[in-house]
Amino acid sequence: PTPIDSDILIELREILGPETNTFSLFCQTEKSYGCAYAIDTELNFKDNSFDITFTEILTEGACATVVVPASTSINLSALKNGSYDIALNNGKLKNAGTLTITDTKAELKVNGQNGIKITNPALERIPANTYWGLIGYSSADQISKIKYFLDK
């Protein structure tokens, strides 16, 4: 293990599920490492609060030929609308804030950002009953079938 000597970039994500959507934090070091692959994290989830501390960089026995950031993804599960206290600590560098969830937005506000950087403090939510995907076709004569499908 290696001590963390980098800011942690934190991105709030909404993960689509068949029954319900969940939230996660994708976290990676701002600095890249040759032997690192993950950020070790202590998690303490209680009622309406999250206490997350990034503790160290985990390393592999054999170093990679590519230098990349260390990363981790933290599952916050399916959160109901409301406000949650959140602590995001990089070792001894403490940060307190709130995560607010509404039908239309998720917002992560952290007072001061000591050893962390929130890359997307506000996230527009995916509306209920939304479908999307990629439609491909192999020849131009199928365009009318695609248009018919989309019109339905």
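Data block above holds the structure.
Worth saying up front: this structure is predicted, and the values here are computed from it rather than measured. (Residues numbered from 1 in each chain as written. Predicted model: local features only at pLDDT ≥ 70, side-chain atom pairs only at ≥ 80, totals over all residues. Heavy atoms only, no water.)

Colleague: How do you make sense of the side chain of N89 when you look at a structure like this?
Modeller: Position of N89 relative to the elements: it lies in strand β6 (residues 82-90). Owing to a relative accessible area of 5%, N89 belongs among the buried residues under this scheme. (Helix = DSSP H or I, 4+ residues; strand = E, 2+ residues; numbered from the N terminus. Buried < 20%, exposed > 50% of the residue type's maximum accessible area, 1.4 Å probe, protein only.)

Colleague: Would you explain the pairing of strand β1 (residues 8-15) in this entry?
Modeller: If a strand is regular, its side chains alternate between the two faces of the sheet. Going residue by residue along β1, you find I8, I10, L12 and E14 tucked away on one face and L9, E11, R13 and I15 left uncovered on the opposite face. Relative to strand β2 (residues 22-33), β1 runs antiparallel, the two being bridged by eight bridges. Among the inter-strand pairings, E11 is bridged to a residue of β2, identified as F26. Relative to strand β9 (residues 116-118), β1 runs parallel, the two sharing three bridges. For L9, the partnering residue across the bridge sits in β9 and is K117. (Pairing = 2+ DSSP bridges.)

Colleague: How should I be thinking about the environment of I4 in this particular structure?
Modeller: By the secondary structure assignment, I4 is in the segment before β1. A relative accessible area of 18% places I4 in the buried class. I4 sits 19 residues away from F23 along the chain, and the two C-alpha atoms are 25 Å apart. Those residues within four positions of I4 in sequence are excluded, and the remaining contacts are I39, F54, T55, E56, I57 and N90. (Contact = heavy atoms within 4.5 Å.)

Colleague: How do you make sense of the pairing of β6 when you look at a structure like this?
Modeller: With six bridges joining them, strand β4 (residues 49-59) and β6 adopt parallel strand pairing. Its bridge partner lying in β6, F54 is registered against N90. Note: β6 against strand β7 (residues 96-101), six bridges, orientation antiparallel. Following the sheet pairing, Y84 is matched in β7 by L99. Here β6 folds back onto β7, and the loop between the two strands holds five residues, one of which, G91, carries a positive phi near 65 degrees.

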